[in-house]
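Coordinate analysis (summary)
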Amino acid sequence: MPVWLQALLWGLLSGGALVIGATLGYCTRLSQRMVAAVMAFGSGVLISALSLELMQEAFEQGGFDATMLGFLAGAAVYTGANVLLARAGARHRKRSGSQQREEASGAGGGLAIAVGSLLDGIPEAVVIGVSLIGSGKVSTVAVAAVFLSNIPEGLSSAAGMKKSGRSAAYVFGLWTGIALLVGLAALAGYTVFSRFSGEVVAATNAVAAGAILAMLADTMIPEAYESAHDYSGLITATGFLLAFLLSKWAG
């Protein structure tokens, strides 16, 4: 199978977890604390992946300077884009409660949520494509981490969308579309960055790591803490440990 097709399929697989999560969030009645616990677990998984996989690989390939600059650039770019989207109505796009803006209140709120959700998923998808460069073998840790974290992202956001009055057609149309775009982002991660040097690939991993960490701090961790604050730290640590063990078993 061509490597570019593998990148697309792995991206679609990880993106499909958003639809699975959205289905759970929209069609089931999970408590706020349960949703928060799942978000905390997903946060721990991603923190482990970005620290033990992305940053380590970026440092080994590109050195300290490329890793540091890429990491800070990723966090800064994500934060800037997130600020703009928050002002447009997407501040609470990952929240499962009633914080999300209703469709009728404020023009562009629904579009901002869609764009913001896509912004959250692109760095993770690019990492999957980039992991195929050179060896032609995907990082199972990256795929597993993105898949496991996408389920709570879709779950929490879809639950909040339902409470804000958005229709099933809107919710599932949005997450299906984002899942497809995540697959295309993984494809782009391979086809675009395979033409560049190892230093550029390393910097790209660092950029993605910075963006993912900023996303966690801005969207997922606040949702986890709000309803499960007594146990969110332990649950996050459990997710981190699972991803750590997975990276050692895969290695």
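It should be emphasised that the depicted structure is a prediction, and the values quoted were computed from it without experimental measurement. (Residues numbered from 1 in each chain as written. Predicted model: local features only at pLDDT ≥ 70, side-chain atom pairs only at ≥ 80, totals over all residues. Heavy atoms only, no water.)

A look at the overall build of the protein chain
Counted only if it meets this: Starting at the N terminus, helices and strands are each numbered in turn, a helix being any DSSP run of H or I of at least four residues and a strand any DSSP run of E of at least two. A simple rule labels every residue: compare its accessible area, found with a 1.4 Å probe on the protein chains alone, to the largest value its type can have, and call it buried under 20%, exposed over 50%, or partly exposed in between. It only takes one pair of heavy atoms within 4.5 Å for two residues to be counted as in contact. Only the protein chains shown count as cover for residues, and all accessible areas are computed by the Shrake-Rupley method using a 1.4 Å probe.
When helices and strands are counted, the protein chain shows seven helices and zero strands. In the protein chain, the order of α-helices and β-strands from amino to carboxyl end is α-α-α-α-α-α-α. Counting only residues that meet the buried cut, the protein chain has 47% of its 251 residues in that class. For the protein chain, long-range pairs separated by at least 24 residues make up 85% of all intrachain contacts whose partners lie at least 6 apart in sequence. Total accessible area on the protein chain is roughly 10900 Å²; 69% of this is exposed by carbon and sulfur atoms.

Quick word on the packing of aromatic side chains
As a reminder of what qualifies: Here the aromatic set is Phe, Tyr and Trp, taking the six-membered ring for Trp, and pairing holds for ring centres within 6.5 Å; pairs whose planes are under 30 degrees apart are stacked, those over 60 apart are edge-to-face, and all others are tilted. In this analysis the charged atom, NZ for Lys or CZ for Arg, is taken to sit over a ring once it is within 6 Å of the ring centre and within 35 degrees of the ring normal.
Under the counting rule described, the total for this entry stands at two aromatic pairs. Plain terms: the ring middles of F193 and F196 are 6.1 Å apart, the flat faces sit at 50° to each other, and that makes the pair tilted. The exposure class of F196 is partly exposed, given its relative accessible area of 44%. Lying over the aromatic face of Y26, K162 brings its terminal NZ or CZ to 5.2 Å of the ring centre.

Here's the deal with the environment of S43
So the rule is basically this: Pairs of N or O atoms within 3.5 Å make up the polar contacts considered here, provided that, within protein, one atom can donate a hydrogen while the other can accept it, and that residues adjacent in sequence are counted only when both atoms are side-chain atoms.
A relative accessible area of 0% means that S43 is categorised as buried. With 177 residues separating them in the primary sequence, S43 and M220 have C-alpha atoms 6.6 Å apart. Apart from residues no more than four positions distant in its own chain, S43 is found in contact with L216, M220, I221 and T236. There is a polar contact of 2.9 Å between the side chain of S43 and the backbone oxygen of M39.

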